[in-house]
Amino acid sequence: MITGLIISVLYACFVMACLIGVLKFNSSPRCLNEGRRGSVHVIISVYNEENRVEALIRDLVGQSFKGFDVTIIDDGSTDATLEKLSQFTVCLGNFNIIESEHKGKDAVIKEALRNIQDGLVIITDADCRHPQFWIESVVAEADETDASLLIGAVKIDGTHPLQATEFLSVQAVTIGSANINHPLICGGANLAFRAEAYHRVSNDVKENENGTDMFLLEAMKRSGEKIVVVNSVDAIVETSGKESLREFLTQRGRWSKKGVKYTDYEILAAGVLNILMQIVLIVAAVCSVMHVELLCFWLLKFCIDAPLLSAVAIKFNTPQYIPLIPVVSLIYPFYVLTTLIYNFVKK
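All chains use their own residue numbering, which begins from 1 and follows the written sequence. It should be noted that, the model being predicted, local features are given only for residues of pLDDT at least 70 and side-chain atom pairs only at 80 or more, the latter also being counted only at that level, while totals for whole chains, interfaces and linings use all residues. Water and hydrogen atoms were dropped before computing side-chain values, which therefore reflect all heavy atoms in the structure.

1. Concerning the overall build of the chain
- Helix and strand definitions here come from DSSP, where helices need a minimum of 4 consecutive H or I residues and strands a minimum of 2 consecutive E residues; each element is numbered from the N-terminal end. For the chain, the helix and strand inventory stands at 12 helices and 9 strands.
- Atoms counted for the radius of gyration: C-alpha only. Globule rule: 2.2 Å times the number of residues to the power 0.38. Scaling as 2.2 N^0.38, a compact globule of 347 residues should have a C-alpha radius of gyration of about 20 Å, and the chain matches this with 21 Å.
- With the C-alpha coordinates aligned to their principal axes, the bounding extent of the chain is approximately 70 × 45 × 40 Å.
- Exposure is judged per residue with a 1.4 Å probe applied to protein chains only, and the accessible area is read against the type maximum: over 50% gives exposed, under 20% gives buried, and values in between give partly exposed. Evaluated residue by residue, the chain yields a buried proportion of 52% over its 347 residues.
- Contact criterion: two residues are considered in contact whenever any of their non-hydrogen atoms come within 4.5 Å of each other. Contacts in the chain between residues far apart in sequence, at least 24 positions, make up 84% of those at least 6 positions apart.
- Element-wise, carbon and sulfur atoms account for 60% of the exposed surface of the chain, whose accessible area totals about 16100 Å².
- Positive charges come from Lys and Arg alone, negative charges from Asp and Glu alone, with His and the N- and C-terminal ends not counted. Where a charge sits is defined by one atom per residue type, namely NZ (Lys), CZ (Arg), CG (Asp) or CD (Glu). Distance between charge centroids for the chain: 4 Å, based on 31 positive and 39 negative side chains. In this description, accessible areas are obtained by the Shrake-Rupley approach with a 1.4 Å probe, and a residue is regarded as covered only by the protein chains that are shown.

2. Quick notes on the pattern of salt bridges
- By salt bridge we mean one thing: a side-chain nitrogen of Lys or Arg within 4 Å of a carboxyl oxygen of Asp or Glu. Counted according to the given criterion, the structure contains 10 salt bridges.
- Here R129 and D59 are joined by a salt bridge, their closest N and O atoms 2.7 Å apart. Remark: D59 occurs in helix α2 (residues 53-61) and R129 occurs in the loop between β4 (120-125) and α5 (134-145); sequence separation between them is 70 residues.
- The exposure class of D59 is buried, given its relative accessible area of 9%.

3. Quick notes on the pairing of strand β1 (residues 40-46)
- With 7 of 7 residues buried, β1 lies mostly within the body of the structure.
- Residues V40, V42, I44 and V46 point to one face of β1 and H41, I43 and S45 to the other, with burial holding for every one of them.
- By definition, two strands form a pair when at least two bridges between them are found by DSSP. Sheet analysis places β1 next to β4, joined by 6 bridges and oriented parallel. Paired with I43 across the strands is I123, a residue of β4.
- Pairing geometry for β1 and strand β2 (residues 69-75), over 6 bridges, is parallel. Within β2, the position partnered with I43 by the bridge is T71.
- Crossover handedness is defined here as right-handed if the route from the first strand over the helix to the second strand goes clockwise, with the strands pointing away from the viewer. In terms of handedness, the path from β1 via α2 over to β2 forms a crossover that is right-handed.

4. A short note on the layout of surface pockets
- Both cavities and pockets are sets of points on a 1 Å grid over the protein atoms alone; in a cavity a 1.4 Å probe fits but cannot get out, in a pocket the set is open with protein on both sides within 12 Å along at least five of seven lines, and lining residues sit with an atom within 4 Å of a point. Grid points are joined across faces, edges and corners, and a volume is the space filled by probe spheres set on the points. By volume, the second largest pocket is sized at about 230 Å³.
- If you go around the second largest pocket, the residues you meet are L162, Q163, E166, L245, F248, L249, V328, I331, Y332, Y335 and T338.
- Going through the elements one at a time, α6 (161-178), α9 (245-259) and α12 (325-345) are the ones with two or more residues in the lining of the second largest pocket.
- Considering each element in turn, the lining of the second largest pocket owes the most residues, 5 residues, to α12.
- Polar here means any residue other than Ala, Val, Leu, Ile, Met, Phe, Trp, Tyr, Cys and Pro, which are nonpolar, and Asp, Glu, Lys and Arg, which are charged; Gly is therefore polar. Residue classes in the lining of the second largest pocket are distributed as 8 nonpolar, 2 polar and 1 charged.

As structure tokens, then:
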């Protein structure tokens, strides 16, 4: 009981800190400085995305900011992705399509970065949808803050409301922690960095690991580079949820497996605290058969989490997910445990 209370208090302090950071997120558009200088490069790795590349190209062509170039690497697709990329970009002079053998997203992006020595690099995924002011908002934040790494927000589309609600917790930590100058999470679906800063720390990024998100974040933190969130609703990209429970658990398990390779103490401490809190809830649920008062831990955690997740939902203009927060709160501890078991037991 005492141990559970201590963990709950520590967890509450962590959530309150994230809430402070989330409340700093600005829903207003960012204004781009006139006469800015410096190149902007968008890099995207695609693999078997023949049904998505048209929408991707349309989003990029429709950006309000025009002074950027795009490098799209076809990572050995076995469908018609390469043909469609060539078809849709044939008249677009700022698009460069590269054909590669299948090496994986991180490897092909790392190769593309060897040819970029300066300017702002923006990385995203082919399955994301990008609002009209996405690049403009990222560039404006970069110009205003002079940051080396800029973390963009991501939300899941409305076709998977439970996943979208659960993902609010990921974004709460992403935005909240970075806005209090202790960044803990970033993702390659919406990430930007100075090419010069990347090359300064590239030798410190783990070899053969994900060099475009969490391991890059760790390297940037170790080198003392400035890291910020793109604090604009116009910079939020939207991605699709997973179509099956197996795909969902596999994705979350892949994230958790990467976690054991992290070396940043803040990231490790936050991960351990989250797991301990879920263990407290599961133990409380099992023991409530004999001690019903232990269910107070569930009520306590909901009261801690609800304001944070509600704040993110409001900031992201997705208040429709707020009624689903109690449902996700009930499912979350068991899904975390299931994810860990599923991915560490399966071959």
